Amino acid sequence: MQRPGKGKTPRRPGPKKASNTERDPVGVYCRIRPLGSEDEECCVEMISSTTIQLHAPDGLKANRNGEYKETQYSFKKVFGINTTQLELFEDVAKPLVEDLIHCKNGLLFTYGVTGSGKTFTMTGSPGEGGLLPRSLDMIFNSIGPFQAKRFVFKPDDKNGMEIQSQVDALLERQKRDSQQAVPKTPSSRQKPDPEFADMISPDEACKSENVDEDGCYGVFVSYIEIYNNYIYDLLEDAPYDPIRPKWLGGSTPVRSNEYVPPQSKILREDQNHNMYVAGCTEVEVKSTEEAFEVFWKGQKKRRIANTQLNRESSRSHSVFTIKLAQAPLDADGDHILQDKNQVNVSQLCLVDLAGSERTNRTRAEGSRLREAGNINQSLMTLRTCIEVLRENQMCGTNKMVPYRDSKVTHLFKNYFDGEGKVRMIVCVNPNADDYEETVLVMRFAEMTQEVEVARPVDRPICGLAPGRRHRNQAFRDELSRRLEERGGPSNADDRVLMTQLIESLPDLPTCELVDPADDQTLPRMIEVLERRHQIRQMMTEQFNKTANTVKSMLQQFDSQLSAKDYFLHDQQSKLNEKDKVILSQKTEIERLEKKSKTLEYKIDILQKTTDMYEQDKRALQQELETREHRLQSELSERKRMEQRMQGAVTDTRLKWEKECERRVNAKQLEMQNKLWVKDEKLKQLKAIVTESSSGGSAPTERPEKPERPSRERDRNIQQKRSPSPSPLPKALPVHPKHRRSHSAGGEKWVDHKPPSNLELDTVMQPIIPNAIKVSTPSEKALSKCHKYVLRHQELASDGEIETKLIKGDVFKTRSGGQAVQFTDIETLKQVCPLAPSRKRRSGSAEGPAEVEDIENRAPAASTNSSHGYQKRRKP
């Protein structure tokens, strides 16, 4: 069982990767397949080139209220039902192939429910090639003239690539051909499979223009499938089939009710911390047809089955890897640079994921049910990894991503860690029956777009001067041209060489005999033939000498070859011994790995326990800090409340002390006034009685008017208890005496009515239009108005409540605040008609009548206007 967060065995750290802060989001595309028939209900609508809308089908409640719900999802680009395979390739896969040629990795996978067109998108059909064949075709169209000889690049079985000279490559090829156990690499001259013969038309061929001509290239392909979370190599000659009956030792078959776990390829990590499938077959291909043939060989072994949703449903995840090895030419531009550190290997993984499905719809049973469970489990792990990556990037957390929970995520974890571009094609079936599964796929795709992957950096091959291949080819052409001009055997065949050899001999003279007595022609002919014979003998001697030299060299080569054979035999024996040692070491390593896994499992348990305790500790510390902060807040609030209450108690006490003092003084004044009135009446009555008893006696002196209690004390008491504003300073402007009130004007007022004022039921009430009523004046209210009025109530000397309207002008101060300049006061007072009046004229003889006349007056409410004072009559 694989566990998340599995530790690693300590080892020597690999080379440090270059830090790169630039990140790109995962490119997510959407492709909508056509409906199977016209009578099927459609639930997907393409709104724009980047947005689709899902409609809930009839009869399905899309939310709890049963309302019709529509949802929209955005992608990098949406491809409709009329999109061709070429258009899809141009937008999605072509940039990845360009990056592959420029030493950058790429990952492209299709995702969707069963029957949504994933395999068609990836593979295609005759006449409509998918992304995989078009990618291969573009690669070979771009690097075709610059490919290295076969076996120059050789995989080292550790996810790396070794480089050999052309002689070693030729020996390796002869060795491979002589071994029958090793399958031969398919030849590009064989007739291609008809399934892929017409997939791509010549008009649709693509080619990369920015190819480095000073390098040599080699293409290797591998094809694996992940079935029930086990990895199988589809290019092996005798793959292990887990479906067929198993056999134990001898001829005893396993019973049908027993399940034997199938053998699987394992995942390993190379020195650069990249994951790869150990022991996977990598085939070197030299043409598009050859790569097609290798792909079709593995495609025939892929597991498919007939379900209710798809007649040929993929029951496994397939991964087709295109690995491109690049090495620069030497400084002369003639041979490949024999430096392993200069070899760059980039790969493009094309993944066809199995479709997610619900077993109640597919009606799977037995092995099909187990397959569907494993497929859904691996896809769920992929979603979980994407969710954790998104949370770590958006929230700044550092949660462990559970790559090891599934072979799919574990194999491609390097791509999400920044080893190449990642692109996903979401295939959608608009059929209404797939609505619920399509909604889940859309949510996953929308979440995947928020994950960002580090942008891979450029990796230059070497620092040699560019244009080496072109200069070397130009030098060869010029050399061939000059050799041809000089008549040298540059590119001549055997017939030309023979002609040149014959022409180098002396010319034969004319042999025509006209005269029988001619004794010059024959001797001349004999002389020329003798010279030719001498030249031929010299050539024969030289040829024999050269042949002997070559023969001696061949004998020497044979002896060296025998020595090498003996050396190889010796090395082979040593190699066999080393193999035995390696086998024993592998056994020991397996034992240590098992022990390491056990220890890692214990470490994981301890780590989880430690994390739980750390989380509890952090939670308790946070709760303690929260409670301490809350306690400090409550203490400070209590202190503020105590200070506020003390201030309120002090203000209330002072207020009531002043109020009691004012009421006592008012009551004393009222009692004094009443006593004075009674004394006046008694004195007047006494005077009348005295006058009537004296009869006609002479008039007596007028009784001395009793002195009224001094009002100076009243004035002082009023000034002390009145909370009205203080007198205006001398510098303020004096308003006219008979100034008209502005309360009825069109200016805006601040009507300040304290909450302690009482509501009076008088007929005359102060009404101010365009006024802002406040209980406490504020700077904000004053800034909006021009006038200010304060309603002040106090107890008059006769015990009635007197209302004063204290008015003023509002103006701005230099510091930006608001100030009030008081101008005048209006008084509103209610008088009882039955109350005795203290007002009488001094020196009048008709005192009682005047008093009675005053007491019989009608009640009235008087309003007096003054500039800071109130008008009153003297008694």
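Cut-off values and rules
Residues numbered from 1 in each chain as written. Predicted model: local features only at pLDDT ≥ 70, side-chain atom pairs only at ≥ 80, totals over all residues. Heavy atoms only, no water. Helix = DSSP H or I, 4+ residues; strand = E, 2+ residues; numbered from the N terminus. Buried < 20%, exposed > 50% of the residue type's maximum accessible area, 1.4 Å probe, protein only. Contact = heavy atoms within 4.5 Å. Areas by Shrake-Rupley, 256 points an atom, 1.4 Å probe, with all protein chains shown as cover. Pairing = 2+ DSSP bridges. Salt bridge = Lys/Arg side-chain N within 4 Å of Asp/Glu carboxyl O. Axes fitted to C-alpha atoms, helices over the stretch in contact; angles between N-to-C directions. Patch = residues over 30% accessible without salt bridge, like charges linked within 9 Å, V, L, I, M, F, W, Y side chains within 5 Å. Bend = angle between axes of the 7 residues up to and from the residue. Core = buried A, V, L, I, M, F, W, Y, C linked by side-chain atoms within 4.5 Å. Parallel < 35°, antiparallel > 145°, perpendicular 65-115°, else oblique. Left-handed = near helix turned anticlockwise from the far one by under 90°. Nonpolar A, V, L, I, M, F, W, Y, C, P; charged D, E, K, R; others polar. Phe/Tyr/Trp six-rings, centres within 6.5 Å; stacked < 30°, edge-to-face > 60°.

A. Spatial organisation of the overall build of the protein. When helices and strands are tallied, the protein shows 17 helices and 28 strands. Residues counted as buried form 35% of the 875 residues belonging to the protein. Long-range pairs, those at least 24 residues apart, make up 71% of the contacts in the protein between residues at least 6 apart in sequence. Accessible surface, the protein: about 55,800 Å² in total, of which carbon and sulfur atoms supply 52%.

B. Fine view of the pairing of strand 21 (residues 420-428). With 8 of 9 residues buried, strand 21 lies mostly within the body of the structure. In the sheet, strand 2 (residues 27-32) pairs with strand 21 via 6 bridges, with the strands oriented parallel. When the bridges of strand 21 are listed, Tyr29 appears paired with Ile425. Pairing between strand 7 (residues 105-112) and strand 21: 8 bridges, direction parallel. Bridging from a neighbouring strand, Leu107 pairs with Val422 of strand 21.

C. Structural detail: the pattern of salt bridges. Summed over all chains, the structure comprises 25 salt bridges. Salt-bridge contacts for Lys94 lead to Glu90; the nearest nitrogen and oxygen are separated by 3.5 Å. Of this pair, Lys94 and Glu90 are both found in helix 1 (residues 85-101), 4 residues apart, which corresponds to roughly one turn of the helix. Relative accessible area serves as the criterion here: at 22%, Lys94 is assigned to the partly exposed category.

D. Representation of the sheet that holds strand 5 (residues 70-74). Spatially, 3-4-5 is the arrangement adopted by the 3 strands of the open sheet, whose pairing is antiparallel. Two strands close off the open sheet at either side, each with one partner strand: strand 3 (44-46) and strand 5. Ignoring strand direction, the axes of neighbouring strands in this sheet form an average angle of 25°. Two strands pair when backbone bridges link them, and strand 3 and strand 4 (residues 51-55) are joined in this way by 3 bridges, in the antiparallel orientation. Within strand 4, the residue paired with Glu45 across the bridge is Gln53. Lying on the sheet, helix 11 (residues 435-448) is in contact with strand 4 and strand 5; it crosses strand 4 at an angle near 150°.

E. Looking closely at a nonpolar patch on the surface. Where nonpolar side chains cluster on the molecular surface, the patch consists of Val550, Met553, Leu554 and Phe557 and spans about 360 Å² of accessible area. Relative to the elements of secondary structure, Phe557 occurs in helix 14 (residues 521-694). When its relative accessible area of 44% is taken as the criterion, Phe557 is described as partly exposed.

F. Inspection of unusual backbone geometry at higher detail. Positive phi values are uncommon outside glycine, yet Asp157 reaches one of about 60°. Relative to the helices and strands, Asp157 is located in the loop between strand 10 (153-155) and strand 11 (161-163). For Asn229, which is not glycine, the phi dihedral falls at a positive 65°. Structurally, Asn229 is set in the loop between strand 12 (215-227) and strand 13 (230-233). Residue Asn229 is classed as partly exposed on the basis of its relative accessible area, which comes to 30%.

G. How the structure looks around helix 1. Within helix 1, the axis deviates most sharply at Ala93, by approximately 50°, and proline Pro95 lies no more than four positions further along. Of all the positions in helix 1, only Gln85, Leu88, Phe89, Val92, Ala93, Leu96, Val97, Asp99, Leu100 and Ile101 are classed as buried. One or two steps after helix 1, the chain reaches Cys103, where phi turns positive at roughly 65°.

H. Representation of the nonpolar core. Counting residues in each nonpolar core, the largest one holds 56 residues, and the members touching the most others are Ile52, Phe75, Phe412, Val426 and Met442. Residues in contact with Ile52, not counting those within four places in the same chain, are Cys30, Ile32, Val44, Glu45, Met46, Ile47, Thr71, Gln72, Tyr73, Phe75, Val78 and Met442. Judged by nonpolar contacts, the second largest core, of 43 residues, contains Leu100, Tyr217, Tyr223 and Leu324.

I. Focus on the packing of helix 1 against helix 3 (residues 131-143). Axis separation between helix 1 and helix 3 bottoms out at 9 Å; the angle between their running directions is 50°. Judged on the interaxial angle alone, helix 3 and helix 1 are oblique. For helix 1 against helix 3, the interelement crossing comes out right-handed. Contacts between helix 1 and helix 3 pair Gln85, Leu86, Leu88, Phe89, Ala93, Lys94, Val97, Glu98, Leu100 and Ile101 from the former with Leu131, Arg134, Ser135, Met138, Ile139 and Ser142 from the latter. Looking at the contact of helix 1 with helix 3 residue by residue, the classes come out as 10 nonpolar, 3 polar and 3 charged.

J. Highlighting the pairing of strand 20 (residues 344-352). Extensive coverage of strand 20 is indicated by the burial of 8 of its 9 residues. In this sheet, strand 20 lies alongside strand 7 in parallel orientation, the contact comprising 5 bridges. Bridging across to strand 20, Thr110 finds its partner in Asp352. Direction of pairing for strand 19 (residues 317-328) relative to strand 20: antiparallel, over a ladder of 9 bridges. In the strand pairing of strand 20, Lys323 is matched with Gln347.

K. Here's a closer look at the environment of Val453. For Val453, the location among the structural elements is in strand 22 (residues 452-454). Considered as a pair, Val453 and Glu419 are 34 residues apart in the sequence and their alpha carbons are 8.5 Å apart. Among residues more than four places away in sequence, those in contact with Val453 are Arg23, Asp24, Val26, Tyr415, Phe416, Gly418, Gly420 and Val422.

L. Here's a closer look at the side chain of Ser318. Take Ser318: it is sitting in strand 19. Using a relative accessible area of 3% as the deciding quantity, one classes Ser318 as buried. Apart from residues lying up to four places away in sequence, Ser318 is in contact with Tyr223, Ile224, Glu225, Arg302, Leu350, Val351 and Asp352.

M. The packing of helix 3 against helix 6 (residues 288-299), seen in detail. The geometry of helix 3 relative to helix 6 is characterised by a closest axis approach of 9 Å and an angle of 150° between their N-to-C directions. The two elements helix 3 and helix 6 meet at a crossing, and its hand is right-handed. From helix 3, Leu132, Pro133, Leu136, Asp137 and Phe140 reach across to helix 6, where they touch Thr288, Ala291, Phe292 and Phe295. Per-class residue counts for the contact of helix 3 with helix 6 are 7 nonpolar, 1 polar and 1 charged.

N. Structural context of the packing of aromatic side chains. Enumeration over the complete set of coordinates arrives at 7 aromatic pairs. Arranged with centres 6.1 Å apart and planes meeting at 55°, the rings of Phe412 and Tyr415 form a pair that is tilted. The class for Tyr415 is buried, based on a relative accessible area of 4%. Each member of the aromatic cluster is reached from another via a ring pair, and the members are Tyr223, Phe295 and Phe320.

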